[in-house]
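Coordinate analysis (summary)
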Amino acid sequence: MTEGFLCNAMAAYGGAVYRLALCRTQSVPDAEDVYQDVFLRLLDQEAEGWDDERLKAWLLRTAMNRCADLHRFRLRRPLLPLEAVPDLARPVDGRAEELWDAVARLPEKLRTVVHLHYAEGYSTEEIAGLLGIPAATVRTRLRRGRLKLKDLLGGIDDE
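Residues numbered from 1 in each chain as written. Predicted model: local features only at pLDDT ≥ 70, side-chain atom pairs only at ≥ 80, totals over all residues. Heavy atoms only, no water.

Focus: the overall build of the protein chain
Looking only at helices and strands, the protein chain has 7 helices and 0 strands in total. In sequence order, the secondary structure elements of the protein chain are arranged as α-α-α-α-α-α-α. By the burial criterion, 36% of the 159 residues in the protein chain qualify as buried. Across the protein chain, contacts joining residues at least 24 apart in sequence account for 63% of those joining residues at least 6 apart. When the accessible surface of the protein chain is summed, it comes to about 9600 Å², and 52% of that surface belongs to carbon and sulfur atoms. (Helix = DSSP H or I, 4+ residues; strand = E, 2+ residues; numbered from the N terminus. Buried < 20%, exposed > 50% of the residue type's maximum accessible area, 1.4 Å probe, protein only. Contact = heavy atoms within 4.5 Å. Areas by Shrake-Rupley, 256 points an atom, 1.4 Å probe, with all protein chains shown as cover.)

As for the side chain of arginine 141
Checked against the element boundaries, arginine 141 lands in helix 7 (residues 135-153). One buried charged side chain, arginine 141, makes no salt bridge at all; its nearest oppositely charged neighbour is glutamate 108, positioned 9.0 Å away. The contact partners of arginine 141, leaving out residues within four places of it in the chain, are Lys109, Leu110, Val113 and Ile133. (Lys, Arg positive; Asp, Glu negative; His and termini not counted. Salt bridge = Lys/Arg side-chain N within 4 Å of Asp/Glu carboxyl O.)

Quick word on the nonpolar core
Counting 40 residues, the largest nonpolar core has Leu42, Leu55, Leu59 and Leu116 as the members making the most contacts within it. Take this core: its biggest share by element is 9 residues, from helix 1 (residues 3-25). Ignoring any residue separated from it by four or fewer positions in sequence, one finds leucine 116 in contact with Leu20, Met64, Gly121, Tyr122, Ile127, Leu130 and Leu131. (Core = buried A, V, L, I, M, F, W, Y, C linked by side-chain atoms within 4.5 Å.)

Details of the packing of helix 5 (residues 108-119) against helix 7
Running from N to C, helix 5 and helix 7 point in directions that differ by 100 degrees, and their axes come no closer than 9 Å. On the basis of their axis angle, the class for helix 5 and helix 7 is roughly perpendicular. Taking contact as the criterion, the partners of Lys109, Leu110, Val113, Val114, His117 and Tyr118 in helix 5 are, on helix 7, Val138, Arg141, Leu142, Arg144, Gly145, Arg146 and Leu149. Here the residues of the contact of helix 5 with helix 7 sort into 7 nonpolar, 2 polar and 4 charged. (Axes fitted to C-alpha atoms, helices over the stretch in contact; angles between N-to-C directions. Parallel < 35°, antiparallel > 145°, perpendicular 65-115°, else oblique. Nonpolar A, V, L, I, M, F, W, Y, C, P; charged D, E, K, R; others polar.)

Overview of the pattern of salt bridges
This structure, assessed with the given rule, holds 5 salt bridges. With a shortest N-O distance of 3.0 Å, glutamate 120 and arginine 19 are connected by a salt bridge. In this pair, glutamate 120 is assigned in the loop between helix 5 and helix 6 (124-131) and arginine 19 in helix 1, connecting sequence segments 101 residues apart.

A word on the packing of helix 6 against helix 7
Two elements in contact, helix 6 and helix 7, have axes whose closest approach is 8 Å; the angle formed by their N-to-C orientations is 110 degrees. Considered as vectors, helix 6 and helix 7 are oriented roughly perpendicular to each other. Only Ala135, Val138, Arg139 and Leu142 of helix 7 make contact with helix 6, whose side of the interface consists of Thr124, Glu125, Ile127 and Ala128. Within the contact of helix 6 with helix 7, the residues separate by chemical class into 5 nonpolar, 1 polar and 2 charged.

With respect to helix 2 (residues 28-43)
With 16 residues, helix 2 extends 23 Å between its outermost C-alpha atoms, agreeing within 8% with the 22 Å of an ideal straight helix rising 1.5 Å per residue. Taken together, the buried positions of helix 2 are Val28, Asp30, Ala31, Val34, Val38, Phe39 and Leu42. Buried residues in helix 2, looked at end-on, bunch into an arc of 165 degrees, giving them a common side. Where helix 2 starts, the residue carrying a side-chain oxygen 3.3 Å from the main-chain nitrogen of aspartate 30 turns out to be serine 27. (Expected span 1.5 Å × (residues − 1). Arc of directions from axis to C-beta. Polar contact = N/O pair within 3.5 Å; in protein donor to acceptor, adjacent residues only side chain to side chain.)

Some details on the environment of glutamate 126
By secondary structure assignment, the location of glutamate 126 is in helix 6. The class of glutamate 126 is partly exposed, set by a relative accessible area of 37%. When the C-alpha positions of glutamate 126 and alanine 57 are compared, they lie 9.0 Å apart, and in sequence the two are 69 residues distant. For glutamate 126, the side chain forms a polar contact with the main-chain nitrogen of serine 123, separated by 2.9 Å.

Written out as structure tokens, the structure is:
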């Protein structure tokens, strides 16, 4: 793989990889480690002929796998709670900060689909492909995530 290809991939999709890693790990240092590992693994790939969508999907899938690896590692070696680590990636806007704090409190399965759908702009079918689950499951998780966010943020009961 050429250095130019790697630089272009990092410029184009580095933000998406980092945001997904931060969403999944809830830790800036862990997200940075995942980011680094993903692009180091890309160096070992024969990805020269990949189109943009295949490259982005591979990078995000690799990021999710690396996050899962870290999670399994943390189960065996617990860390400090998230509150003990300053969060440098919080939005500046107060309303957005409150929303993303609530998203961070969602269970991982809900948090991941909410992030991929709203922050990364993936459709439910694309998320299903990335996560290896049915599209109906993605839609169910999105609905549950929205309902949970509504509860966490004190939304109006309009049902």
